[in-house]
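Structure assessment
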Amino acid sequence: MCGIIGYAGKKNAEKIIIKGLSRLEYRGYDSAGIAVLEKGDLHIRKKQGKLSVLADELKRAPLKGVTGIGHTRWATHGIPSDINAHPHPSGSEDIAVVHNGIIENYREIKKHLQNKGYLFRSDTDSEVIAHLVSDNYKGDLYLAVKGAVKKIRGSYAFAVVHRDEPGRIVGSRMDAPLIAGVGKGENFVASDIPAILDHTKKVIYLENGDIVDLSSQDLKVFDRTGRKARRKKDTITWDISQAEKKGYKHFMLKEIFEQPDVMRDIINTRLKKEKVVFQELSIKKKDLAKIKNIAIVACGTAYHAGLTAKYMIEKHTGIPVWVDTSSEFRYRDPLVDKKTLTVVISQSGETADTLAALREARKKGSSVLAVCNVVGSSIARESDGVVYTHAGPEIAVASTKAYVAQLTSLYLLTIYLAEAKGAKKADTDALVKQLKKLPAEADRLLDGYRSKKNPIAKYAEEFHKYYLARHNKSCFLYLARNINFPNALEGALKLKEISYISAEGYPAGEMKHGPIALIDENPWVVCIAVRSATYEKMISNIQEIRARGGIVIAIVSEGDREIKGTKAKYVIEIPDVPEVFSPALVVIPLQLLAYYVAAEFGYDIDQPRNLAKSVTVE
Ligand code: F6R
C-alpha cells in the first residue's frame, strides 16, 4: 500500500518524481524517498514522515539527474524510519529499488543472501529485492530483474535502477498495481494514473508477471514467460484538475460535494431511452436471468454499499443475496457455484482480500461481476464482467463519492437484474423515474451546507466542546433500520476513520440487546429516522435514548413533524424520497458530520493515521 513512480526523460527527474509522489500520498505517507541517477552516480535521499519532509531536504540539496524512482510508504514490515524508507540500495549501492506489496518469502531469501555475504540494513521485506537483483546482475538490468522475480513470492510492484545503466528503469508487478506511462521523449512507471497525468494520458496497464523495461526513448513489456508482450495503450479521459482540490480545504470535502454530479454522470451514461445499459458488461442478460443467488463480497465502505444492495436486490428481483466481507469469504469455503453470481465491489480494484475472494469464487464456478471505480485495475480485469462506477479519482482516504457511485451503480444493476428476471415494465420504469430525481435532490441537500458556518459544522463544534468538557468520554452511536442500517455502519466508520473517536453502528432493533447499556449523557446518538416502513420503531428508539439522557441527532425526511416531539437535540432533514433511494442521500450528512468533527479536532482529514487508500496487502 505504498506509491511508486519512475521517470526516464530529459527533464529534472526530482521535480517530476516529487510532484508524482504528492499525487500518490493517499497510498501511504509515513516516509518517502527518491533515487536519481546523475553523472555515473546513484543518489538516494529518504526521510521518515510526510513527503514534505523529504521535499524540504531536497530544497536544501537538490538532485539534478533525468532518471529516477520514488516512493511514498505505508509501513508493513519495519517501523516508519529513515532506514526503512525506500528506495533500498543494494550492498554496493549501485542498485536502488522502490516496492509496493509484500514479499512473502523474504525471510528465506534474506537468509540465503546473508549466507552469501549480503548485508541488510533495514527491517523491510522489500530490501531483499535490491540484493536479489544485485545477485542476478551480470551487466543487464532487465535480465537481473527477470532472474530475481523467479525467486520471489507475494505481491509486488517495483521499479529498479542501476548506476551503470543511466537512463534505464526496469519494473515488474504481481498482484499490486503498476502502470507504464508513454510520453514524448519520456516514459514512466507508477502505481496510479494521477502520478503521471501532468505529463501523459497514454498508459499501459501492466499484467501480472509483466516486466517493463524503459528509457526516455523506448518502452518494452515482457510477459512472465519472457516473451515480448503487446499491451494495449489506453488514453485517460479525465483530467488532472479532477484530482485536485479546486478551492476546497480538503479532498474529502470536495469529493462529498462532487456526489450529485457523480450520480448524474452515472445515470446519464447508463440510461439509454430510459433503459439500463451496461456497455462494458460482458455477462449476458440471459445468463443473469438464470442465476439463483447472489454473493456480494467487499471490504469497508464498499462492503456497506454491498449490504445496502442486498435490500434493494432482494426486494426488486426476488433473488436471495448474502453479503460477506472479503476476508471472511475467502477463508470459509463459501457455498457458491455456477448458479451464483458473485458481485465484488471495490473502489480501487486492488484490495488484496477482495481480489482473493474473486479468485475463490471463480475457482468454484461462480461468475464474477465487479463493481469497480478504477479502470483496468486487477479486480476489473480478473472478473467475468465489470460495471465501472465512473466516480473519477477519489483521493481522500475516507471514501465518500465512491460509495455514492457504488450505490447508484447498484440501483441500476438492481433494475437491470429485475428486467432480466422478468419484472413488470411499469415497476422498473417507476424505479428509473425515481432514480433520475436523485442527483437534483442531492444538490438541493448539499446547497444547505455550502457555507463554512452550516448547521452540521455547528453541531460538530458543539460536540467538540462537549467532548472536552466530558474529559474525552463522549463517543458516537449510529442507529438505523432496514435499508439504512448499512449507513449506520458507514457513518460510524467515517467518523472513527478521520476523528479517531469511538463510534458504533447498530441496527436500531438490536439496541435493547446490548448497546442501550452505553446510553447515558455521554454518547451522541445519530438516529436515521427517514420516512420508511420502520419509522414508528425509530421514534420509539429515540424516545428510549432520550429517557436515558442520551443526546440525539436525528436524520429525518423533509417536513417531518413528529421528531420534534421526541426532543432530539439536532434534526437534519433530507429530501423526501422513496425509502429504497434514501441511503444515497442519508449518507451525505453522515459524511459531513464526520468531516466537521475531524476538522474541529484539527486532524489530517485526507490522510488519517494508520490508513491507506488502497489495501493491497492482506
Ligand atoms: C473507508 C475506506 C475503506 C475502503 C476499503 C475497500 O472510508 O475507504 O474502508 O472502502 O478499504 O477499498 P476498495 O473499495 O478500494 O476495495
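Attention here is on the structure that accompanies the text.

**Topic: the pattern of salt bridges**
- Counted under the stated rule, the structure contains 45 salt bridges.
- For the salt bridge of Asp-198 with Lys-19, the shortest nitrogen-to-oxygen distance reads 3.8 Å. One end of the pair, Asp-198, is in the loop between strand 10 (187–190) and strand 11 (202–205); the other, Lys-19, is in helix 1 (residues 13–22), with 179 residues separating them in the sequence.
- Note that Arg-444 and Glu-558 form a salt bridge whose closest N and O atoms lie 2.8 Å from each other. Of this pair, Arg-444 sits in helix 14 (residues 425–447) while Glu-558 is found in the loop between strand 25 (551–557) and strand 26 (570–574), placing the two residues 114 residues apart along the sequence.
- Accessibility expressed as a relative area gives 40% for Arg-444, which makes it partly exposed.
- One network of salt bridges, with partners in common, ties together Lys-19, Arg-23, Asp-198 and Glu-244.

**Digging into empty space enclosed by the protein**
- Scanning the model with the defined rule gives 3 cavities of 30 Å³ or more in all.
- Approximately 70 Å³ is the volume attributed to the largest cavity.
- Forming the boundary of the largest cavity are Met-1, Cys-2, Arg-73, Trp-74, Thr-76, His-77, His-86, His-99, Gly-101, Thr-124, Asp-125 and Ser-126.
- Taken together, the residues of the lining of the largest cavity sort by class into 3 nonpolar, 7 polar and 2 charged.
- Here the second largest cavity is characterised by a volume of approximately 50 Å³.
- Considering only residue class, the lining of the second largest cavity consists of 4 nonpolar, 3 polar and 2 charged.

**Some details on the layout of surface pockets**
- Of the voids in this model, the largest pocket is the one considered here, and its volume is about 900 Å³.
- Together, 46 residues line the largest pocket, and Trp-238, Asn-373, Val-375, Gly-392 and Pro-393 are the ones closest to its centre.
- When residues of the lining of the largest pocket are traced back to their parent elements, those giving at least two are strand 14 (234–235), helix 6 (251–257), helix 7 (259–270) and helix 12 (378–382).
- A per-element tally of the lining of the largest pocket places helix 7 first, with 3 residues.
- Of the residues in the lining of the largest pocket, the class split is 19 nonpolar, 13 polar and 14 charged.
- Structurally, the lining of the largest pocket is a two-domain feature, drawing no fewer than three residues from each of domain 1 (3–236) and domain 2 (251–447).

**Topic: the site of the ligand**
- Taken together, 15 residues surround the ligand, and among them Ser-346, Gln-347, Ser-348, Thr-351 and Glu-497 come closest.
- Here Ser-346 contributes a side-chain N or O atom positioned 2.6 Å from an oxygen atom of the ligand.
- Contact distances for the ligand include 2.8 Å between an oxygen atom and a side-chain N or O atom of Glu-497.
- Starting from 400 Å² of accessible surface for the ligand in isolation, the protein chains cover 91%.
- If you count residues domain by domain, the shell around the ligand takes at least three from each of domain 2 (251–447) and domain 3 (455–601).

**What about the packing of aromatic side chains?**
- Enumeration according to the criterion identifies 19 aromatic pairs in this entry.
- Relative to Phe-601, the ring of Tyr-467 has its centre 5.2 Å away and its plane inclined at 80°; by these criteria the two rings are edge-to-face. One end of the pair, Tyr-467, is in helix 15 (residues 455–469); the other, Phe-601, is in helix 18 (residues 583–601), and 134 residues separate them in sequence.
- With relative accessibility at 18%, the residue Phe-601 sits in the buried group.
- Through pairs of rings, three or more aromatic residues link up here, namely Tyr-459, Phe-463, Tyr-466, Tyr-467, Phe-476, Tyr-478, Tyr-500, Trp-524, Tyr-570, Phe-601 and Tyr-603.

**Digging into the pairing of strand 19 (residues 340–346)**
- Buried residues dominate strand 19, accounting for 7 of its 7 residues.
- Burial of strand 19 is two-sided: the residues Thr-340, Thr-342, Val-344 and Ser-346 facing one way and the residues Leu-341, Val-343 and Ile-345 facing the other way are all buried.
- In this region the chain leaves strand 19, passes through helix 11 (residues 352–363) and returns to the parallel neighbour strand 20 (residues 367–372); the handedness of that crossover is right-handed.

**As for the sheet that holds strand 20**
- Sheet architecture is open: 5 strands sit in the order 18-17-19-20-21, paired in parallel fashion. In this open sheet, the two edge strands, each paired with only one partner strand, are strand 18 (321–325) and strand 21 (385–388). Sheet twist, expressed as the mean angle between neighbouring strand axes with direction ignored, is 20°.
- The pairing of strand 19 with strand 20 spans 6 bridges and is parallel. Within strand 20, the position partnered with Val-344 by the bridge is Ala-370.
- In the packing of helix 11 onto the sheet, the strands contacted are strand 17 (293–298), strand 19 and strand 20, and the crossing angle to strand 19 comes to about 170°.

**Structural notes on the environment of Ser-474**
- Locating Ser-474 in the fold gives a position in the loop between helix 15 and strand 22 (476–480).
- Taking relative accessible area as the criterion, Ser-474 reaches 4% and is therefore assigned buried.
- Taking the C-alpha atoms as reference points, Ser-474 and Ile-196, separated by 278 residues in sequence, lie 44 Å from one another.
- Residues in contact with Ser-474, not counting those within four places in the same chain, are Phe-463, Tyr-466, Tyr-467, Ile-501, Asn-522, Pro-523 and Trp-524.

**Overview of the nonpolar core**
- Ile-294, Ile-296, Tyr-411, Leu-438, Phe-476, Tyr-478 and Leu-592 are the most contacted members of the largest nonpolar core, which totals 137 residues.
- In terms of residues, this core owes the most to one element, helix 18, which gives 14 residues.
- Ignoring any residue separated from it by four or fewer positions in sequence, one finds Tyr-478 in contact with Ala-488, Gly-491, Ala-492, Leu-495, Ala-503, Glu-504, Gly-505, Tyr-506, Val-526, Leu-590 and Leu-593.

**Observations concerning a positive patch on the surface**
- Together, Lys-292, Lys-338, Lys-339 and Lys-421 make up a positively charged patch on the protein surface.
- By relative accessible area, Lys-338 is classed as exposed at 71%.

**Topic: the pairing of strand 23 (residues 503–507)**
- The pairing of strand 22 with strand 23 spans 5 bridges and is classified as parallel. Note that in strand 23 the partner of Leu-477 across the bridge is Glu-504.

Scoring rules and cut-offs
- The residue count restarts for each chain, going from 1 along the sequence in the order it is written.
- Two thresholds apply to this predicted model, a pLDDT of at least 70 for residue-level local features and 80 or more for giving and counting side-chain atom pairs, whereas whole-chain, interface and lining totals are computed over all residues.
- Hydrogens are left out, water is left out, and the side-chain values use all remaining heavy atoms of the structure.
- Salt bridges, as used here, are contacts in which a Lys or Arg side-chain nitrogen is within 4 Å of a carboxyl oxygen on Asp or Glu.
- The way it works is that DSSP assigns letters per residue, a run of H or I at least four long becomes a helix, a run of E at least two long becomes a strand, and they are numbered from the N terminus.
- Each residue is placed in one exposure class: buried if its accessible area under a 1.4 Å probe, protein chains only, is under 20% of its type's maximum, exposed if it is over 50%, and partly exposed if it falls in between.
- Both site types are read off a 1 Å grid over the protein atoms alone. A 1.4 Å probe that fits but cannot get out defines a cavity, while an open set with protein on both sides within 12 Å along at least five of seven lines defines a pocket; lining residues have an atom within 4 Å of a point.
- Grid points are joined across faces, edges and corners, and a volume is the space filled by probe spheres set on the points.
- Charged means Asp, Glu, Lys or Arg here, nonpolar means Ala, Val, Leu, Ile, Met, Phe, Trp, Tyr, Cys or Pro, and polar covers whatever is left, Gly included.
- Bear in mind that the domain bounds are from an automatic or database domain assignment.
- What makes a residue near a molecule or strand is one non-hydrogen atom of that residue sitting within 4 Å of it.
- Any pair of N or O atoms that falls within 3.5 Å is considered a polar contact. Within protein, one atom must be able to donate a hydrogen and the other to accept it, and sequence-neighbouring residues count only if both atoms are side-chain atoms.
- For the area figures, the Shrake-Rupley method with a 1.4 Å probe applies, and any residue is considered shielded solely by the protein chains shown.
- Geometry of aromatic contacts follows a simple scheme: Phe, Tyr and Trp rings, the Trp one being its six-membered ring, pair when their centres are within 6.5 Å, and the pair is stacked under 30 degrees between planes, edge-to-face over 60, tilted otherwise.
- Orient the strands so they point away from the viewer; a crossover is then right-handed if the path from the first strand over the helix to the second runs clockwise.
- Strand pairing requires that DSSP identify at least two bridges connecting the strands.
- For helices, the axis comes from a line fit to the C-alpha atoms of the stretch in contact; other axes are also lines fit to C-alpha atoms, and the angle between any two N-to-C directions lies between 0 and 180 degrees.
- We call two residues in contact whenever any of their non-hydrogen atoms come within 4.5 Å of each other.
- Buried residues of nine kinds, namely Ala, Val, Leu, Ile, Met, Phe, Trp, Tyr and Cys, make up a nonpolar core once their side-chain atoms join them within 4.5 Å.
- Residues enter patches when their relative accessible area tops 30% and they take part in no salt bridge; the joining distance is 9 Å for like charges and 5 Å for the nonpolar side chains Val, Leu, Ile, Met, Phe, Trp and Tyr.
- Counting rule for charge: Lys and Arg are taken as positive, Asp and Glu as negative, and neither His nor the chain ends is counted.
- We put the charge of a Lys on NZ, of an Arg on CZ, of an Asp on CG and of a Glu on CD.

That is the geometry; function is a separate question.
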